[in-house]
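Spelled out, the chains give:
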Amino acid sequence: MAITYDTSGNLNVYSAGPNTATVIVASASHRYMLFNADAEITAISYAGVSATLLQTLTPTASGGASPAPVIRVWGLADPATGSNTLSITGTTSSVNYGVIYAVYSGVDATQPEANNVAFNAASPGNQYFSTLSTSISTLTSTAWVVSMYRTNNQSGGDISSATNATLRYNYGNSAFGPTGMSILDSNTTVSGSYSSVGTINTGSGTNSAVLWSLKPYLTASFSGPSSGNVNAASTNFTVTPDTAINGTITITPTGAGSTGLSPTVLTFSNSAVAQTFTITPLTSGSITLTMTNGVGINN
């Protein structure tokens, strides 16, 4: 199943809250809601369901710039579809703070799948994000990498789209500075290190960035006959992975008609080519065929 982008937006406030906004999520399956949040935020919920704080990332100051803004990454698996309430709670602050969110479908909710690195990329007067050259290694084919930027003490300005990325949402004001989220949606290799470059168009200050990997919801389609005869080979059952895999998929028969049948093991060598097998029931009765695997796809 391929990852697709749904919607994005922001909720930025001056009070502890809870503060709310209405968000519309489409009805695609295996949804995931990702948040790029300020350190002051203590709780996020959508449609009454609490998001999970995935990681608090404190950049290391560089180039004489200190402090760099902290980034908190939150996630919510399978957010409700339709129009619902997004709520954030935080500490009382004299400056604007909040979240930027983006929603995707086709995402495996077992997060994360890769390393996450925050860093401070610029000193005052330096308006360019340096390259994150070794910060993330995608483990699954067709995974998406999300680049999240935060800035501090910027005088207006905005963040332009990162290299080879689609800018999904950008927020900024004179009190808080620009904040951006861009999606690197063209990474389809099985593994590798990914980098991101973003540009501050105006202003000066400290900047932080973090990369986060979204793992696609991958399965193997399974088709075949619904019935057969005792002591006769069935017609073909077919197993087709969503992506190239390297390992085995096991099909285990159970039920009254499975007596004397052994599991079928299909071996894939970095391949998504369909494989077939048959079964020959020795006794009458129902048979259930259950797929398991050790290659990271969903059964």
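Residues numbered from 1 in each chain as written. Predicted model: local features only at pLDDT ≥ 70, side-chain atom pairs only at ≥ 80, totals over all residues. Heavy atoms only, no water.

What follows deals with the sheet that holds strand β17 (residues 245-254). In a beta sheet, neighbouring strands pair by backbone hydrogen bonds and run either parallel or antiparallel. Strand order in this open sheet of three strands is β18-β17-β20, and the pairing throughout is antiparallel. The open sheet terminates on both sides in strands that have one partner only, identified here as β18 (264-271) and β20 (288-293). Across the sheet, the mean angle separating the axes of adjacent strands is 20° when strand polarity is ignored. Two elements, β17 and β20, share six bridges in a ladder whose sense is antiparallel. Paired with Thr252 across the bridge in β20 is Thr290. (Pairing = 2+ DSSP bridges. Helix = DSSP H or I, 4+ residues; strand = E, 2+ residues; numbered from the N terminus. Axes fitted to C-alpha atoms, helices over the stretch in contact; angles between N-to-C directions.)

The next subject is the sheet that holds strand β6 (residues 52-57). Taking strand neighbours across the sheet as the criterion, the five strands line up as β1-β9-β3-β7-β6 in an open arrangement whose pairing is antiparallel. Lying at the two open borders of the sheet, with one neighbouring strand each, are β1 (4-13) and β6. Looking at each pair of strands side by side, their axes are set apart by 20° on average, direction ignored. Note that β1 and strand β9 (residues 97-105) share nine bridges and pair antiparallel. Each bridged residue has a counterpart across the sheet, and for Val13 the counterpart in β9 is Tyr97.

Met33, Phe35, Ile41, Ile44, Leu86 and Val99 are the most contacted members of the largest nonpolar core, which totals 19 residues. Only β1, β2 (19-25), β3 (32-37), β4 (41-46), β7 (71-77), β8 (82-90) and β9 provide two or more residues apiece to this core. Sorting elements by how many residues they give to this core places β9 first, with four residues. Sequence-distant contacts of Ile44, defined by excluding residues within four places in its chain, comprise Phe35, Ala37, Val49, Ser50, Ala51, Trp74, Leu86, Ser87, Ile88 and Val99. One finds Tyr32, Leu34, Ile71 and Leu214 within the second-largest nonpolar core, a separate group that totals 15 residues. (Core = buried A, V, L, I, M, F, W, Y, C linked by side-chain atoms within 4.5 Å. Buried < 20%, exposed > 50% of the residue type's maximum accessible area, 1.4 Å probe, protein only. Contact = heavy atoms within 4.5 Å.)

Quick look at the pattern of salt bridges now. Side chains bearing opposite charge may pair, as long as their charged atoms lie close to each other. Summed over all chains, the structure comprises one salt bridge. A salt bridge links Lys215 to Asp108, with the nearest nitrogen and oxygen atoms 4.0 Å apart. Of this pair, Lys215 sits in the loop between β14 (206-214) and β15 (220-223) while Asp108 sits in the loop between β9 and β10 (118-122), and the two are 107 residues apart along the sequence. The pair formed by Lys215 and Asp108 is uniform in burial state, with each residue classed as buried. (Salt bridge = Lys/Arg side-chain N within 4 Å of Asp/Glu carboxyl O.)

Turning next to the side chain of Thr7. Following the sequence through the fold, Thr7 ends up in strand β1. Each residue touching Thr7, except ones within four places of it in the same chain, is listed here: Ile24, Tyr101, Ala102 and Val103.

All right, on to the side chain of Thr264 then. Take Thr264: it is sitting in strand β18. Thr264 has contacts with Ile249, Thr250, Ile251 and Phe277, leaving out every residue within four places of it along the chain.

Next up on the list: the layout of surface pockets. Taken as a whole, the largest pocket encloses approximately 270 Å³ of empty space. In terms of lining residues, the largest pocket is bounded by 17 residues, among which Ser226, Ser227, Gly228, Ile279 and Ile287 are the most central. Of the residues contributing to the lining of the largest pocket, the split by class is eight nonpolar, nine polar and no charged. (1 Å grid on protein atoms, 1.4 Å probe; cavity = no way out; pocket = protein on both sides within 12 Å on 5 of 7 lines; lining within 4 Å. Points joined across faces, edges and corners; volume = space filled by probe spheres on them. Nonpolar A, V, L, I, M, F, W, Y, C, P; charged D, E, K, R; others polar.)

With six of its six residues buried, β3 lies for the most part within the structure. Here β3 shows no split at all, with Tyr32, Leu34 and Asn36 on one side and Met33, Phe35 and Ala37 on the other all buried. Pairing between β3 and β7: six bridges, direction antiparallel. By the bridge assignment for β7, Ala37 is matched with Arg72. Sheet topology places β3 next to β9; six bridges connect them, and they run antiparallel. Across the sheet, residue Ala37 finds its bridge partner in β9, namely Val99.

Our next topic: the confidence of the model for the protein. On average, residues of the protein score 79 in pLDDT, and 70% of them are at 70 or above. The element-level mean pLDDT for the protein is lowest in β10, coming to 55, with strand β19 (residues 275-277) highest at 98. A low-confidence stretch, residues 123-134 stays under pLDDT 50, and its non-local contacts, those more than four residues away or across chains, total 46 contacts. This model gives residues 174-178 a pLDDT under 50, and the stretch forms 23 contacts once residues within four places in sequence are excluded. (pLDDT = per-residue confidence, 0-100.)

Next up on the list: the pairing of strand β16 (residues 237-241). Only one face of β16 is buried, namely the one carrying Phe237, Val239 and Pro241, since none of Thr238 and Thr240 on the opposite face is buried. In the sheet, β15 pairs with β16 via four bridges, with the strands oriented antiparallel. Bridging from a neighbouring strand, Ser223 pairs with Thr238 of β16. Summarising the sheet, β16 and β19 pair through three bridges and their orientation is antiparallel. Counted as the bridge partner of Val239 is Gln275 from β19.

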